[in-house]
Amino acid sequence: MWTERQQAAYREDGFLVQRGVIPKDKIPELRLAADSAMAKNAVNPSDVHVVREKSGPVRSLFCVHRSIKPFYDLCRSEPIAGPVEQIFGGDAYVFHSKLNYKESFEGTVWLWHQDYGYWRYDGVSNRLSSALVMLGPNTRENGCLLLVKGSHRWGVLDHYSDEVTTSYKQWCIVPEELREHIKDEAMITPIEGEAGDVCFFDCQIVHGSNHNFSPANRYSLIYAFAAIDNVPTGVDNPRPDWVVARQFESIIDRD
Ligand SMILES: O=C(O)CCC(=O)C(=O)O
């Protein structure tokens, strides 16, 4: 569980990185699950939703918490579910999950955005938060997550839908807004780390990531969590259930 100080840091900065909280002996099992899901999906894309780079390699596997047991168990384990319960002051469910994989030299960018820049159109409030679990080294060279500290307090900035930069249609912050708000490169924090490190971040924090220019594949597993009573409602054309939950099972084990 987080200390008072850690909770205050999360509220102030909009994120908190915890080092080595996933036991080292769990990592091979998680990596194996990731690799076999990607290999399986080359043949049979049935359990999870696959998004590929324009050049072919997997970019993201969505909905990995539902059908892949080690990923289901991980988001219910204390190092993840404990802080999430503290963030919301109560119970939570998985709003969506994804393995964001960046293949060596080919994995492409995530343009600057706030998750709530588009999740707000799913009929939920902003009581949403994500946990990024590193399943291998995340470095500047391989395209680690980049966060703008404190930007979760800027409100929701103007977004537009980008359909050309990568293979994935993404809501991104308009460049004028970025120039107005991010005046100095020092405001950008690269979230580098090792397998087993976890970064929790607020759904309104401004973030993105670069191309993987390195010879190493990057593995980032992201769970987006919602407070248990924050369920999607009142949307005419809901997005598919691989990206917006229709099941609201609690991640907190009360036994
Ligand atoms: O995987 C990354 O590098 C960034 C992912 C991201 O920003 C997102 O999924 O919203």
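Here goes a summary of the coordinates provided. Every chain's residues receive numbers from 1 upward, in the order its sequence appears when written. A pLDDT threshold of at least 70 governs which residues receive local features in this predicted model, and a stricter bar of 80 or more applies before side-chain atom pairs are shown or counted, although totals over entire chains, interfaces and linings include all residues.

Concerning the overall build of the protein chain
Going along the chain from the N terminus, every DSSP run of H or I of four or more residues is numbered as a helix, and every run of E of two or more is numbered as a strand. The helix and strand tally for the protein chain stands at 7 helices and 13 strands. For 255 residues, the compact-globule estimate of 2.2 N^0.38 gives 18 Å, and the C-alpha radius of gyration of the protein chain, at 17 Å, lies within 12% of that figure. The contact criterion used here is simple: two residues whose C-beta atoms, placed from the backbone, lie within 7 Å are in contact. Pairs at least 24 residues apart make up 83% of the contacts formed inside the protein chain by residues separated by at least 6 positions. Our radius of gyration looks at C-alpha atoms and nothing else; its globule reference is 2.2 Å times the residue count to the power 0.38.

Overview of the sheet that holds strand β13 (residues 218-227)
Two strands make a pair as long as DSSP finds a minimum of two bridges between them. Read from one edge to the other, the open sheet built from 7 strands follows the order β1-β11-β6-β13-β4-β3-β2, with strand pairing classed as antiparallel. One side of each edge strand has no neighbouring strand; the edge strands of this open sheet are β1 (15-18) and β2 (49-52). Ignoring which end each strand starts from, the neighbouring axes of this sheet average 15° apart. Pairing between β1 and strand β11 (residues 198-202): 4 bridges, direction antiparallel. By the bridge assignment, Val17 is partnered in β11 with Cys199. Lying on the sheet, helix α1 (residues 4-13) is in contact with β1 and β11; it crosses β1 at an angle near 135°. Axis definition: a line fitted to C-alpha atoms, limited for helices to the stretch in contact. Angles are taken between N-to-C directions and run from 0 to 180 degrees.

Observations regarding the site of the ligand
Close contacts around the ligand come from Asn100, Trp110, Asp115, Gly143, Leu145, His207, Ser209, Ser220 and Ile222, and that covers them all. Those elements giving two or more residues to the shell around the ligand turn out to be β12 (207-209) and β13. Its residues assigned to classes, the shell around the ligand comprises 3 nonpolar, 5 polar and 1 charged. The rule is simple: place the C-beta atom from the backbone, and if it lies within 6 Å of a molecule or strand, the residue is near it. Under the scheme applied, nonpolar residues are Ala, Val, Leu, Ile, Met, Phe, Trp, Tyr, Cys and Pro; charged residues are Asp, Glu, Lys and Arg; polar residues are all the others, including Gly.

Structural notes on the sheet that holds strand β7 (residues 145-148)
Strands sit in the order β5-β12-β7-β10 across an open sheet of 4 strands; the sheet is antiparallel. Because the sheet does not close on itself, it has two edges, and the strands there are β5 (110-113) and β10 (188-190). This sheet shows a mean twist of 25° between the axes of neighbouring strands, independent of strand direction. Here 2 bridges tie β5 to β12, and the two strands are oriented antiparallel to one another. Its bridge partner being in β12, His113 is matched across the sheet by His207.

Some words on the environment of Arg31
Looking at where Arg31 falls in the secondary structure, it is placed in helix α2 (residues 27-43). On the neighbour-count criterion, Arg31 (15 C-beta atoms within 10 Å) is partly exposed. For Arg31 and Tyr219, which are 188 residues apart along the polypeptide, the C-alpha to C-alpha distance reads 8.4 Å. Setting aside residues no more than four positions away along its own chain, Arg31 makes contact with Leu135 and Tyr219. To assign burial, the other C-beta atoms lying within 10 Å of each residue's own C-beta are counted, with C-beta atoms placed from the backbone; 20 or more indicates buried, 12 or fewer indicates exposed, and intermediate counts indicate partly exposed.

Section: the environment of Arg218
In this structure, Arg218 sits in strand β13. Judged by local crowding, Arg218 falls into the buried class, with 24 C-beta atoms found within 10 Å. Residues Arg218 and Gly143, spaced 75 residues apart in sequence, show a C-alpha to C-alpha distance of 7.5 Å. Residues contacting Arg218, with those up to four places away along its chain left out, are Tyr101, Lys102, Gly107, Gly136, Asn138, Asn142, Gly143 and Asn212.

What to know about the nonpolar core
Nonpolar core, as used here: buried Ala, Val, Leu, Ile, Met, Phe, Trp, Tyr and Cys residues forming one set through C-beta atoms within 7 Å. Counting 65 residues, the largest nonpolar core has Phe15, Leu128, Val133, Cys199, Phe200 and Phe225 as its most contacted members. Ignoring anything within four residues of it in the chain, the contact list for Phe15 reads Tyr10, Leu147, Cys199, Phe200, Phe201, Asp202 and Ile205.

Points about helix α5 (residues 78-88)
For α5, every residue scored as buried is listed here: Ile80, Ala81, Pro83, Val84, Glu85 and Ile87. Where α5 is buried, its residues meet α1, α4 (69-76), β4 (92-102), β6 (128-134), β11 and β13. Of the residues trailing α5, Gly89 is marked for its positive phi of about 65°.

Considerations on the pairing of β6
Within β6, 7 of the 7 residues are buried, which leaves it mostly tucked inside the rest of the structure. Residues Leu128, Ser130, Leu132 and Met134 point to one face of β6 and Ser129, Ala131 and Val133 to the other, with burial holding for every one of them. Note: β6 against β11, 5 bridges, orientation antiparallel. If you follow Ser129 over to β11, its bridge partner there is Asp202.

A word on α4
Considered for burial, the residues of α4 that qualify are Phe71, Leu74 and Cys75. Each buried residue of α4 lies within a common arc of 90° when the element is viewed along its axis, so the set occupies one face. As used here, the arc is the angular range of directions from the helix axis to the C-beta atoms.

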